[in-house]
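Single-letter residue listing:
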Amino acid sequence: MKRIAVVSDSHDNLEAISLFIEHVKKENIEAIIHAGDIVSPFALRMFKGLKLYAVFGNNDGEKLLLKKAADELGITLEEQPLFVTIEPYSIAVIHGVGSLEKTQKFAKALAKSGDFRLVVYGHTHQIDVQQVGEALVLNPGTLSGYLAGKRTYAIVNLDTLQADIVEL
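Residues numbered from 1 in each chain as written. Predicted model: local features only at pLDDT ≥ 70, side-chain atom pairs only at ≥ 80, totals over all residues. Heavy atoms only, no water.

Undergrad: For this particular structure, what's the right way to read the overall build of the protein?
TA: On a plain count of helices and strands, the protein comes out with four helices and 11 strands. Against the 2.2 N^0.38 benchmark of 15 Å for 168 residues, the protein shows a C-alpha radius of gyration of 14 Å, consistent with a compact globule. For the protein, the residues scored as buried account for 51% of the 168 residues in total. Within the protein, contacts between residues at least 6 apart in sequence are counted, and of these 57% link residues at least 24 apart. By element, 49% of the accessible surface of the protein is carried by carbon and sulfur atoms, the whole surface being about 7600 Å². If you average the places of the 17 positive and of the 21 negative side-chain charges in the protein, the two averages end up 1 Å apart. (Helix = DSSP H or I, 4+ residues; strand = E, 2+ residues; numbered from the N terminus. Rg over C-alpha atoms; globule rule 2.2 N^0.38 Å. Buried < 20%, exposed > 50% of the residue type's maximum accessible area, 1.4 Å probe, protein only. Contact = heavy atoms within 4.5 Å. Areas by Shrake-Rupley, 256 points an atom, 1.4 Å probe, with all protein chains shown as cover. Lys, Arg positive; Asp, Glu negative; His and termini not counted. Charge placed at Lys NZ, Arg CZ, Asp CG, Glu CD.)

Dropping the structure here:
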């Protein structure tokens, strides 16, 4: 069973990141996908020892230091889009591309391409779980809780395309 944790918009909320990591370590997961807005290297360092794939978000201001920390920790951190393979599944990860509507349209277009099992996006701080063609489009909401009033992430079974939203 291929299970991953999906998170976005942690915005330096160290308490939320710590709780998330505590939760995830109890799960049988292959990797963590972060859809951006980690913000600072000290927040990224909290993921030390975990298999993390992440994209930069629009609030990740110190990209050079974030990238340096990611490289030191063995974390994949790239500009969007990030394409990840968790055998045998392909995953596309973006943060966002402007407005909610534009971001959702882009995520759906990636899903409709047929190239991906899962398309992850963030930026909007709004939970979105929908099947588009053969792919699952997922926004796990916001780990920080900012703007949404609740801290959320997702656990995804890539074999069944089942996504469970977890509230901290």
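Undergrad: What is the right way to look at the UniProt feature "domain: Calcineurin-like phosphoesterase" (unreviewed entry) in the protein in this model?
TA: The feature "domain: Calcineurin-like phosphoesterase" (unreviewed entry), as given by UniProt, occupies residues 3–160 in the numbering adopted here. With 25% helix and 30% strand, residues 3–160 has its two end C-alpha atoms placed 10 Å apart. (UniProt positions renumbered as here; feature names shortened; annotations may be inferred.)

Undergrad: How do you make sense of a nonpolar patch on the surface when you look at a structure like this?
TA: Among the surface-exposed residues, I127, V129 and I165 lie close enough to one another that they form a single nonpolar patch of about 210 Å² accessible area. Secondary-structure assignment places V129 in strand β8 (residues 127–132). By relative accessible area, which is 38% here, V129 ends up partly exposed. (Patch = residues over 30% accessible without salt bridge, like charges linked within 9 Å, V, L, I, M, F, W, Y side chains within 5 Å. Salt bridge = Lys/Arg side-chain N within 4 Å of Asp/Glu carboxyl O.)

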